[in-house]
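Residue-level structure breakdown
Spelled out, the chains give:
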Amino acid sequence: MNRPLIISDCDEVLLYMVSPFRTWLAETQGVDFHMGSNDFSQALRWQDSGAVLEQEEIWRKLGMFFDTEMHRQEPIPGAIEGLNSLSDQADVVILTNLVDKRQQMRTEQLAGHGLDARVFTNQGPKGPALQAILDEYQPSKAIFIDDLPQHHRSARETVAQITTLHLCGEPELAPHIDCAHSAGHADARIDTWDKALPWLEEQLQKENA
């Protein structure tokens, strides 16, 4: 039988993203980032006018950040150590919503923080990408970790059998993220790795019981 498989997102699960993105915007782009709700499109405003950035400009800023500023991203406490610990019991891969040209950059970024894992890039809902990964690995059990509820919904709608953990490790963002567990799309919502790791270990032990 194949080993269990853990499929983890990266931004706000393993590495902080909003915090360094906000700092970079303020320091170099003349943009203030304030996450007062779960509406990301209203969070970025020009410092000189207070006007909300157009959606196309938001995507352009995000692209610039990932192309030149990924070195600003630091690990969420316990995340890298947690996945490395779990790799003794399961295969670990990363499923990140970045364009494909940034796959190698993300792989090297995570390796620099001490996590050597295969990275899959994706755009849009993650359910189909999850299914493709499961088709390749044929694991005995699959666990999916992500910070965004829409990806848990996509997983539930696409994959027949998968355990899902909703984890948003950015404290400033977590209160504004709808809970996938409450919506019935995740098996648990845990936002810190010191509590998530025992839960994940328990899920793997259930497989081996």
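Residues numbered from 1 in each chain as written. Predicted model: local features only at pLDDT ≥ 70, side-chain atom pairs only at ≥ 80, totals over all residues. Heavy atoms only, no water.

Concerning the overall build of the protein chain
When helices and strands are counted, the protein chain shows seven helices and eight strands. A globule of 209 residues ought to have a C-alpha radius of gyration of about 17 Å, and the protein chain, at 17 Å, matches this closely. The principal-axis extents of the C-alpha atoms in the protein chain amount to approximately 60 × 35 × 30 Å. In the protein chain, which comprises 209 residues, the proportion classed as buried is 48%. As displayed, the protein chain offers around 9800 Å² of accessible surface, 48% of which is attributable to carbon and sulfur atoms. Computed over 17 positive and 33 negative side-chain charges, the inter-centroid distance for the protein chain is 2 Å. (Helix = DSSP H or I, 4+ residues; strand = E, 2+ residues; numbered from the N terminus. Rg over C-alpha atoms; globule rule 2.2 N^0.38 Å. Buried < 20%, exposed > 50% of the residue type's maximum accessible area, 1.4 Å probe, protein only. Areas by Shrake-Rupley, 256 points an atom, 1.4 Å probe, with all protein chains shown as cover. Lys, Arg positive; Asp, Glu negative; His and termini not counted. Charge placed at Lys NZ, Arg CZ, Asp CG, Glu CD.)

What to know about the nonpolar core
In this structure, I6, L14, L83, I94, I145, L165 and W193 are the most contacted members of the largest nonpolar core, which totals 28 residues. Listing elements by their share of this core, those giving two or more residues are α3 (79–86), β4 (91–96), β6 (142–146) and α7 (193–208). For this core, the element with the most residues is α7, which contributes five residues. Excluding its chain neighbours within four sequence positions, the residues that come into contact with I94 are S8, D9, C10, L14, L83, L110, L115, A117, R118, V119 and F120. (Core = buried A, V, L, I, M, F, W, Y, C linked by side-chain atoms within 4.5 Å. Contact = heavy atoms within 4.5 Å.)

What to know about the sheet that holds strand β5 (residues 118–121)
Spatially, β5-β4-β1-β6-β7-β8 is the arrangement adopted by the six strands of the open sheet, whose pairing is parallel. The two strands at the open ends of the sheet, each matched to only one other strand, are β5 and β8 (188–189). (Pairing = 2+ DSSP bridges.)

Observations concerning helix α4 (residues 103–112)
Those residues of α4 that fall on the buried side of the exposure criterion are R106, Q109 and L110. Down the axis, α4 shows its buried residues gathered within 90 degrees of arc, on one side only. Check the buried side of α4 and you find it contacts α2 (55–68), β4 and β5. At the exit of α4 stands G114, carrying a positive phi of roughly 100 degrees. (Arc of directions from axis to C-beta.)

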